[in-house]
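Spelled out from the first residue to the last, the chains are:
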Amino acid sequence: MCIDIRKTCNCGKHTVQLHMRDNILGEEAITELYCPTCSSTIDFNYKNMVHDNGWTITYDMILAKFLITSRLTIEPDNIQPGFLFDEGYATWQEMYPGEKNDIVEERQKILKLQEVDQQRYLSEISKWNIERIKRLKKEGWRKVQQA
């Protein structure tokens, strides 16, 4: 079972849902969250921060290293902010913050086809998803680069 973790960015405008792989880390592993607006006011520190298309997550690296090395056979030197994000130990629940809300209308149009033409529905949903992933990769979303 995964814990539902939500964090509000530093300026308070956005709340995002986060995924913590295998519940190894808790919400205290993420100390700060900055949206594209509030991240422009910080000094980026590669030792405890990861940047994703304008968003910045700050991790408690001491806690993260302790929890991961005590539960997994991973060397502490390999546990960096990019590792936490890219391997899913502390990352977006979606491909990017707000994705779920952004795609509702697009998906609803395609889902209507399911009732009328199953073959066309399967074709359209597949095409839509492939195009969406291409677009997100082009936009530079970090989590999508591995998709």
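The structure we're discussing is the one just above.
Values in this document were obtained by computation on a predicted structure and should not be read as measured data.

J.: How should the sheet that holds strand S3 (residues 30-34) be read in this particular structure?
T.: Whether parallel or antiparallel, the strands of a sheet pair through hydrogen bonds between backbone atoms. Reading across from one edge, S3-S5-S4 is the order of the three strands in this open sheet, with antiparallel pairing throughout. On the outer flanks of this sheet lie S3 and strand S4 (49-52), each paired with one strand and no other. Going across the sheet, the axis of each strand differs from the next one's by a mean of 15°, ignoring polarity. Alignment of S3 against strand S5 (residues 55-59), held across four bridges, turns out to be antiparallel. Within the sheet, the bridge partner assigned to Glu 32 lies in S5 and is Thr 58.

J.: Can you help me understand the nonpolar core in this one?
T.: If you look at soluble globular proteins, the nonpolar side chains tend to sit buried side by side. If you look at the biggest cluster of nonpolar residues, it comprises 34 residues, and the most contacted ones within it are Leu 25, Ile 57, Tyr 59, Ile 68, Leu 84 and Trp 92. Of all the elements in the fold, those that place two or more residues in this core are strand S2 (15-19), S3, S4, S5, helix H1 (61-71), helix H2 (81-86) and helix H4 (118-139). A total of four residues in this core trace back to one element, the largest contributor, which is H1. Trp 92 has contacts with Val 16, Gln 17, Leu 18, His 19, Leu 33, Asp 52, Trp 55, Ile 57, Phe 85, Pro 97 and Lys 143, leaving out every residue within four places of it along the chain. If you look at the next biggest cluster of nonpolar residues, it comprises six residues, including Ile 103, Ile 110, Tyr 121 and Trp 128.

Definitions and cut-offs
- Here the residue numbers are simple positions, counted from 1 along each chain's written sequence.
- Two thresholds apply to this predicted model, a pLDDT of at least 70 for residue-level local features and 80 or more for giving and counting side-chain atom pairs, whereas whole-chain, interface and lining totals are computed over all residues.
- Only hydrogens and water are set aside; all other atoms, that is, all heavy atoms of the structure, feed into the side-chain values.
- If DSSP finds at least two bridges between two strands, the strands pair.
- By the criteria applied, helices consist of DSSP H or I runs no shorter than four residues and strands consist of E runs no shorter than two, each listed in order from the N terminus.
- Axis angles are defined between N-to-C directions and span 0 to 180 degrees, where every axis is a line fitted to C-alpha atoms and, for a helix, only to the segment in contact.
- Within this scheme, the nonpolar core is defined by two criteria: the residues are buried Ala, Val, Leu, Ile, Met, Phe, Trp, Tyr or Cys, and they are joined through side-chain atoms within 4.5 Å.
- We call a residue buried when its accessible area falls under 20% of the maximum for its residue type, exposed when it is over 50%, and partly exposed in between, using a 1.4 Å probe and counting protein chains only.
- Contacts: residue pairs with any heavy atoms within 4.5 Å of one another.

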